[in-house]
Amino acid sequence: MFEGKDYIEPEDLDKLQELMERVGESEERIEKILKVAAADPETYNDLMEVYSRKASQVATKDEFYPYEELVGEIEIGEDPEGRKLAVTREQLNEHLLAVSMTGKGKTTFFYNLIDTLKEKGLPFMIFDFKNDYRHLIKKHEDLLILNWRDIRFNPLKPPPEVSPGKWGEILADTFCHATDLLIGSESYFLEKLNELYEIYDVNKTEKYPSVFELKDLVEKDPIPPASPRFKYRERNQSRLSMFTGFSGDIFDCSSGIDLEKLLERNVVFELKEPNQYVTNFFVETVLTWIYYYRDAMGERQKLRHVIMFDEAKRVFDVMRERQPEAGWPPVDDIVGKVREFGEALAVADHEPSKLTDSIKANTTVKIWMSLGSGKDIEEMARTFGLEEEEEIDYTRTMEKGNALLKIADMEPVPIFLPDYQIEKDMTESEIREKMRQEIQKFEWEERYRPEEFLERIGREKEEEEWKISEDAEKLLVHIKDNPLLKTSERYEKLGFDTKKGGSAKKELVEESLIREVEVRTGTRGRNPKLFELTKEGRNYLKAIGEEVREHVKGGAEHLWWQKKIQSHYGERGYDSFIEHYIGRKSIDVYSVKEDEEIATEIALTPEHELENIKKCLERDFDLIQIVYNSEKVKEKIKEEIEGERGEMPEEILFSHVSEFT
Ligand SMILES: Nc1ncnc2c1ncn2[C@@H]1O[C@H](COP(=O)(O)OP(=O)(O)O)[C@@H](O)[C@H]1O
Ligand SMILES: [Mg+2]
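Just so we're clear, the structure is a prediction, and the values are computed from it rather than from any experiment. (Residues numbered from 1 in each chain as written. Chains lettered and ligands numbered in written order. Predicted model: local features only at pLDDT ≥ 70, side-chain atom pairs only at ≥ 80, totals over all residues. Heavy atoms only, no water.)

S.K.: Would you explain the packing of helix H1 (residues 10–22) against helix H2 (residues 27–39) in this entry?
M.R.: When two helices pack together, their arrangement is captured by the angle between the axes and the distance separating the axes. The N-to-C vectors of H1 and H2 enclose an angle of 145°; their axes lie 10 Å apart at closest approach. Of the two possible hands of crossing, H1 and H2 adopt the one that is right-handed. Only Ile30, Ile33, Leu34, Ala37 and Ala38 of H2 make contact with H1, whose side of the interface consists of Leu13, Leu16, Gln17, Met20 and Glu21. (Axes fitted to C-alpha atoms, helices over the stretch in contact; angles between N-to-C directions. Helix = DSSP H or I, 4+ residues; strand = E, 2+ residues; numbered from the N terminus. Left-handed = near helix turned anticlockwise from the far one by under 90°. Contact = heavy atoms within 4.5 Å.)

As structure tokens, then:
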């Protein structure tokens, strides 16, 4: 630090001049200031203090910063002079955080990081919520891209060498945090899980039940509504049916694909479509699994594997950390501990202010690319220890490729990050096709229900109470599996003649297990007729051990149009999906082609449509299409939107159902 002078010598003035030059003062101004400074030691001292401080700030962004400390093995960019900047394996092992607003380079940074990890032979696992990483297959042939439609994973099965008793407790905690359940529900979950483990005698048989069996067990738990436990059962049941009822089979197995082996490969889990609860639960259980697996193996060691989260807020959401009544989220705990086993986390997000404190505090390498919102900038300034407005201002001017890098307690330094050249044109069907052979090599086991279990959930008893003919039962199952088939085709497939089919149908209708619905096509000619399961029909199927999807939105008519719209877009080169989730709400049909995203909502009644449409408007779709079959419904929805928005947003398009027949 500068020590004050009592009188001034020429060298002193030289020093002040040098500092002023370093911060870029004009010659004219330097001359003026030197004159003032020469006249009075006190003024000189003040000026020296001001300029020393300014110069040291400049220095942090300039050649005086000791870049030579940044010479590890994992290259990430260059300094302003074009020298390589790299972090060490140890630093990466202490986790990495990269932030920028959308479109400013997070994914690109990860692409480059992946290249480096591959060079170094470090395997990695990516949780991809946006289908961004499948394109890398062109460059890295060994990548294993696992789309959620092809993943099998049984969260109820503990990692090798971890006892079911211990795993049960961990899982109960993870489950309840991932699904926003509180402690009472957690105890209930654990109690039922242990009961199930006992029924399956898992310690001996090594055959594990799945969330499907857990759900059935919970459902059959006879608790009177007046009991305080009743609500715990209800909550658990509703959460569990989200995992059994969503349109995927991830959890539909007794034993999933071998995670142990996946840890040695380069894996991308594609998780764009499933709803938030499913994604959270999957990601958090896998992470927990890895930690307890490593722990059980006692494999403390240096960096050996990197887990990457692009759009990490999905998992490290501060809102969840700040619910004290729910206790500390288990993933938080793992972030701090998993590094001991050589697991590094690399995390990217566009809203750092919404990330957990744990992830911000537990990342040694931090990269700050251009941010938009003041709140996020403030948050990062705090995390980076920047106090001076000028330094923070620097980050506001950063272009794509410019960033600030901070490692541990060192001062932040500017860094230039490279771009990445890759065509992003790999579609879902292409990638799944490409991976098919690889995926087939993975073994997994079907779900399994021992007698003890069936007895416990009382299958036999229920079966006796319901008495319908064998033909009627066959027809019922067929309707569940093929809801959109024409009656004549259905009978043919079942090998029924008209008479046999007719009487089976009559039986089902009379028992209120199905009802007949007409698809209103709005065009001339006969409308197609469909069979639809009633609630009783669904219960019947469940009772005979059939899998029935929960949460079906709308009935058969709704589904009919969903399929029509899906194939309409499919024929036009879109990837098109039914029940596509945005957060916790689903869109009827979601179609995407390159950058164009279309959300289609089917409005057969005017009720409840507005909320879905509002959700779509928030998400910036290129087109929000509302498909209606009556003018009345259309007008009603129009009125509602205009009432809410003042005018009709231009991305909204109304289409009559007849466009899809
Ligand atoms: N370091 C960089 N230099 C130049 N262009 C970049 C750089 N990083 C990203 N870009 C470009 O910006 C666009 C968006 O980048 P991306 O990584 O997808 O952003 P994010 O993941 O933050 O939304 C891409 O077209 C990419 O090529
Ligand atoms: Mg991105």
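Back to the text.
S.K.: Please explain the packing of aromatic side chains as it appears in this structure.
M.R.: Where two aromatic rings form a pair, the distance of their centres and the angle of their planes describe that pair. Under the definition given, this model contains 25 aromatic pairs. A centroid spacing of 5.9 Å and a plane angle of 80° characterise the contact between tyrosine 200 and tyrosine 448, whose relative ring orientation is edge-to-face. On the criterion of sequence distance, the pair formed by tyrosine 200 in helix H7 (residues 183–200) and tyrosine 448 in the loop between helix H18 (428–441) and helix H19 (451–456) is long-range, its members being 248 residues apart. For tyrosine 448, a relative accessible area of 29% gives the class partly exposed. Centre to centre, the rings of tryptophan 289 and tyrosine 293 are 5.1 Å apart; their planes meet at 25°, and the pair counts as stacked. (Phe/Tyr/Trp six-rings, centres within 6.5 Å; stacked < 30°, edge-to-face > 60°. Buried < 20%, exposed > 50% of the residue type's maximum accessible area, 1.4 Å probe, protein only.)

S.K.: Is there a simple way to explain the side chain of lysine 106 in this structure?
M.R.: Along the chain, lysine 106 turns up in helix H5 (residues 106–119). Summary of buried charges: lysine 106 has no salt-bridge partner, and the nearest side chain of opposite charge, glutamate 311, is 4.6 Å away. If we skip the residues at most four places from it in the chain, lysine 106 touches Ala98, Val99, Ser100, Met101, Asp310, Glu311, Ala348, Asp349, His350 and Met369. (Lys, Arg positive; Asp, Glu negative; His and termini not counted. Salt bridge = Lys/Arg side-chain N within 4 Å of Asp/Glu carboxyl O.)

S.K.: What is the right way to read a negative patch on the surface from this model?
M.R.: Together, Glu631, Glu635, Glu639, Glu642, Glu647 and Glu650 line one region of the surface with negative charge. Take glutamate 639: it is sitting in helix H27 (residues 631–645). Its relative accessible area of 57% is what places glutamate 639 among the exposed residues. (Patch = residues over 30% accessible without salt bridge, like charges linked within 9 Å, V, L, I, M, F, W, Y side chains within 5 Å. Areas by Shrake-Rupley, 256 points an atom, 1.4 Å probe, with all protein chains shown as cover. Charge placed at Lys NZ, Arg CZ, Asp CG, Glu CD.)

S.K.: What's the story with the domain arrangement of the chain in this structure? I'm lost.
M.R.: It is common to give the size of an interface as the accessible area that goes away when the parts come together. Structurally, the chain comprises domain 1 (10–60), domain 2 (66–150 + 266–426), domain 3 (152–256), domain 4 (458–543) and domain 5 (556–660). The C-alpha centroid of domain 5 is placed 66 Å from the C-alpha centroid of domain 1. (Domains from an automatic or database assignment.)

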